[in-house]
Amino acid sequence: QVQLVESGGGLVQPGGSLTLSCAASGFTFSTYPMSWYRQAPGKERELVARIRSFGGTTTYSDSVKGRFTISRDNVKNTVYLQMNSLKPEDTAVYYCNVFWRGSDYWGQGTQVTVSS
């Protein structure tokens, strides 16, 4: 079965950096686009970044463009989210996502808190 396991969240000061990881299994990782979403308290879940399969074309939400970088390692079956210049408004639970065989699959999420 599809499994997505996020890690790397934590507490960071404004302006700091974090790198999130998502280890995937149960499907042919290299052939599927992967995404990172986030959900802040009281808000809807929103798409942060997406990376296509082969070739690795990336897209970002306007709120993170220029600060976040999504990447993938098709040997390690892992997708990453490098987050720089973090702001308090980046505080949220971050989720890894794949749309596989007609269904969305999610990890358990990892909390990112940006605060001084």
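These lines cover the structure that appears in this document, whether it is placed above or below. Note that the structure is a prediction, hence the values are computed from the model and not measured.

## Remarks on the overall build of the protein chain
Along the backbone of the protein chain there are 0 helices and 11 strands. In the protein chain, the succession of α and β elements from N to C terminus is β-β-β-β-β-β-β-β-β-β-β. On C-alpha atoms alone, the protein chain measures out to a radius of gyration of 13 Å, which is about the 13 Å that the 2.2 N^0.38 rule sets for 116 residues. Along the first, second and third principal axes, the C-alpha atoms of the protein chain reach 40 × 25 × 20 Å. Evaluated residue by residue, the protein chain yields a buried proportion of 40% over its 116 residues. Counted over contacts in the protein chain with a minimum sequence separation of 6, partners at least 24 positions apart contribute 52%. On the protein chain, the mean spot of the 11 positive side-chain charges and the mean spot of the 8 negative ones are 5 Å from each other.

## Concerning the pairing of strand 10 (residues 103-106)
In terms of strand pairing, strand 9 (residues 92-100) meets strand 10 through 4 bridges, oriented antiparallel. For Phe99, the partnering residue across the bridge sits in strand 10 and is Asp104.

## Some points on the state of the cysteines
Simply put, the disulfide is a covalent bond whose two ends are the sulfur atoms of two cysteines. Inspection of every chain in the model, using the stated rule, returns 1 disulfide. The disulfide partner of Cys22 is Cys96, and the S-S distance across this bridge is 2.2 Å. Between Cys22 and Cys96, the S-S dihedral sits near -80°, and the bridge is therefore left-handed. You can see Cys22 sitting in strand 3 (residues 18-25) and its partner Cys96 sitting in strand 9, a full 74 residues away along the chain. The buried category is assigned to Cys22, whose relative accessible area is 0%.

## Comments concerning the pattern of salt bridges
If you walk through the whole model with that rule in mind, you get 4 salt bridges. Between Asp90 and Arg38 there is a salt bridge; the shortest N-O distance is 2.9 Å. Taken together, the positions of Asp90 in the loop between strand 8 (78-83) and strand 9 and Arg38 in strand 4 (residues 34-39) put the pair 52 residues apart, joining distant regions of the chain. No difference in accessibility class separates Asp90 from Arg38, as the two residues are buried. Measuring nitrogen to oxygen at the nearest pair gives 3.2 Å for the salt bridge that ties Lys65 to Asp62. Residue classification places Asp62 among the exposed positions, given a relative accessible area of 68%. Beyond isolated ion pairs, a larger network of salt bridges with shared partners links Arg38, Glu46, Arg67 and Asp90.

## A look at the environment of Gly9
Mapping Gly9 onto the fold places it in the loop between strand 1 (3-7) and strand 2 (10-12). Judged by its relative accessible area of 35%, Gly9 falls in the partly exposed class. Distance in space between the C-alpha atoms of Gly9 and Thr110 is 5.3 Å, their sequence separation being 101 residues. The residues contacting Gly9, other than those within four sequence positions of it, are Leu18, Leu20, Thr110, Gln111 and Val112.

What counts as what
- Residues numbered from 1 in each chain as written.
- Predicted model: local features only at pLDDT ≥ 70, side-chain atom pairs only at ≥ 80, totals over all residues.
- Heavy atoms only, no water.
- Helix = DSSP H or I, 4+ residues; strand = E, 2+ residues; numbered from the N terminus.
- Rg over C-alpha atoms; globule rule 2.2 N^0.38 Å.
- Buried < 20%, exposed > 50% of the residue type's maximum accessible area, 1.4 Å probe, protein only.
- Contact = heavy atoms within 4.5 Å.
- Lys, Arg positive; Asp, Glu negative; His and termini not counted.
- Charge placed at Lys NZ, Arg CZ, Asp CG, Glu CD.
- Pairing = 2+ DSSP bridges.
- Disulfide = S-S within 2.5 Å.
- Salt bridge = Lys/Arg side-chain N within 4 Å of Asp/Glu carboxyl O.

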